[in-house]
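Tertiary structure, described
Given next are the chains, with one letter for each unit.
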Amino acid sequence: MTVKWILHWTPTQGSVVNSQILNEISQCVESFNAVKDGRWKATLTFYRPNLRDPTIPSEFPRDFLGISLLEQPNKYYFIIRGNKIILEADSTILTIMEKLQSYKSKVALNFEGVQYKMGDFQMKVVKVVPNQGESLRGILIEIEYLPISSIEKAKPIMEEFLELWREVMSKKSLPGHFSQAEPHFAEYKLPDNYTSQHTAIQYAAALAQLIASAQLRG
Amino acid sequence: MECVVQGIIETQHVEALEILLQGLCGVQRERLRIHEICLKSGPNLGPVASEVRLLCDLEQAEPSWTVRHIGGAMRGAGAEQISVLVRTMVESKASKNVLRMFYLLGYKLDHELLRVGFSFHFNRGAQITVTVSSINKMLKVHATDEAVPVTPGIQLVEVTAPATGETYAEVASAVSSFCEYLAPLLHLSKPGISTGVVPTAAAAAASLMSDGGGTTL
């Protein structure tokens, strides 16, 4: 049982994410009497159609994403955000996609997190880095409430926790704030009972926000 | 990777085959009802055309979906010497929206089938699966309730076993030796090489039906 909320760091106009901010955020989490509880990783991969003749105009999804999560090592998730669809499959689907050769992976981003435990809650401070390279592209936090799996029931508890979190963060006066991308679970036809598919959708939504804000600034 | 052989049997002898299989495997048969959807890549997608099969297991209370990719058969002198086909095969269980996902990715419906019958899973030198099924076609798209047999009176028998690059020779020999037990009722060969029904089937079936499989064939 678990419910997770994933928030992304939005820097204030003119500022950028850096490891200094990441350190400050980690300190805030530690000030909650949190205990470090290992590392975590997810990988998000963008897929592009492998077109025989790229000059022929064809309609294929532009935002076809693949996600692997450390907590589900034998599963893989495909998301087409434009069509609000998430597929959960065994990780052997990657071998099948390779054999089909119809789509190829273009860019992969690693989501590397440090996990903290604090009673019924868990938090992850996640840095977004390219698959090859170390440059920091974004910061996320994941807040997890363990005793409940109903998203609706967990909402007031999560909101309360988030308020506390924002209070702690405000003392740091960092150049930016955390915001939550609307995950639209119902549009993906997912139930109120939280699953790893909900997690995959939230990471995809957070990534889209990071990309959008980088494009706006860039 | 998998080793595979196929054969056909007249529906009137299927009950005898079931008795024989039951005796040989010592396990209960499982009912089989699979909707198989074959998809092909759209005209401009991929450097070469590709094909993928979606299998929907209709025997389950909540139908479950599997994506299956069948690759090329092993070639060369070694492959010709063995009597079973060795080919690459990858499967992945998937959520129920897998058909919609593949349509969105640009795959098109090529054909679909409904397999109805039974299967036996057991270990006999390899993890062998025997399926006996009638192949049905749909008169309307996805209308599994209105499926009609492609070859009335004839059923398909398939013997498969998972293998790896290291084990395929052993697995192939385990599959071949198992097939010998079925020889009086049907002949199994590499897919695509049809050998028809065997002349001894009626007599072997009669013998099996009379003593419930106790006779050593």
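Residues numbered from 1 in each chain as written. Chains lettered and ligands numbered in written order. Predicted model: local features only at pLDDT ≥ 70, side-chain atom pairs only at ≥ 80, totals over all residues. Heavy atoms only, no water.

**Side note on the packing of helix H1 (residues 14-25) of chain B against helix H4 (residues 168-182) of chain B**
Residue and element names in this part refer to chain B. Running from N to C, H1 and H4 point in directions that differ by 130 degrees, and their axes come no closer than 10 Å. For the element pair H1 / H4, the angle class is oblique. H1 and H4 meet at a crossing whose hand is right-handed. Contacts from Leu-17, Leu-20, Leu-21 and Leu-24 of H1 reach H4 at Phe-178, Tyr-181 and Leu-182. (Axes fitted to C-alpha atoms, helices over the stretch in contact; angles between N-to-C directions. Helix = DSSP H or I, 4+ residues; strand = E, 2+ residues; numbered from the N terminus. Parallel < 35°, antiparallel > 145°, perpendicular 65-115°, else oblique. Left-handed = near helix turned anticlockwise from the far one by under 90°. Contact = heavy atoms within 4.5 Å.)

**Digging into the interface of chain B and chain A**
Every contact between the two is made by 29 residues of chain B and, on the other side, 31 residues of chain A. When the two sides are added together, the surface that chain B and chain A hide from each other amounts to roughly 2,500 Å², 64% of it contributed by carbon and sulfur. Area buried by chain B at its contact with chain A is led by B:Asn44, B:Met101 and B:Leu105, which between them contribute 26% of it. Inspection of the region where chain B meets chain A yields zero salt bridges. Counting across the interface, chain B meets chain A through 14 residue pairs in polar contact (both at pLDDT 80 or more). (Buried area = accessible area lost by both parts, 1.4 Å probe. Salt bridge = Lys/Arg side-chain N within 4 Å of Asp/Glu carboxyl O. Polar contact = N/O pair within 3.5 Å; in protein donor to acceptor, adjacent residues only side chain to side chain.)

**Side note on the pairing of strand S6 (residues 103-118) of chain A**
All names here are of chain A. As judged from the 13 bridges shared by strand S2 (residues 35-49) and S6, these two strands associate in the antiparallel manner. Looking across to S6, one finds that Leu-44 is bridged to Leu-109. Pairing analysis gives 10 bridges linking S6 to strand S7 (residues 121-130), with the strands arranged antiparallel. Bridge pairing in S7 links Asn-110 to Val-129. From the end of S6 to the start of S7, which pair antiparallel, there are two residues, and Gly-119 there has a positive phi angle of about 65 degrees. (Pairing = 2+ DSSP bridges.)

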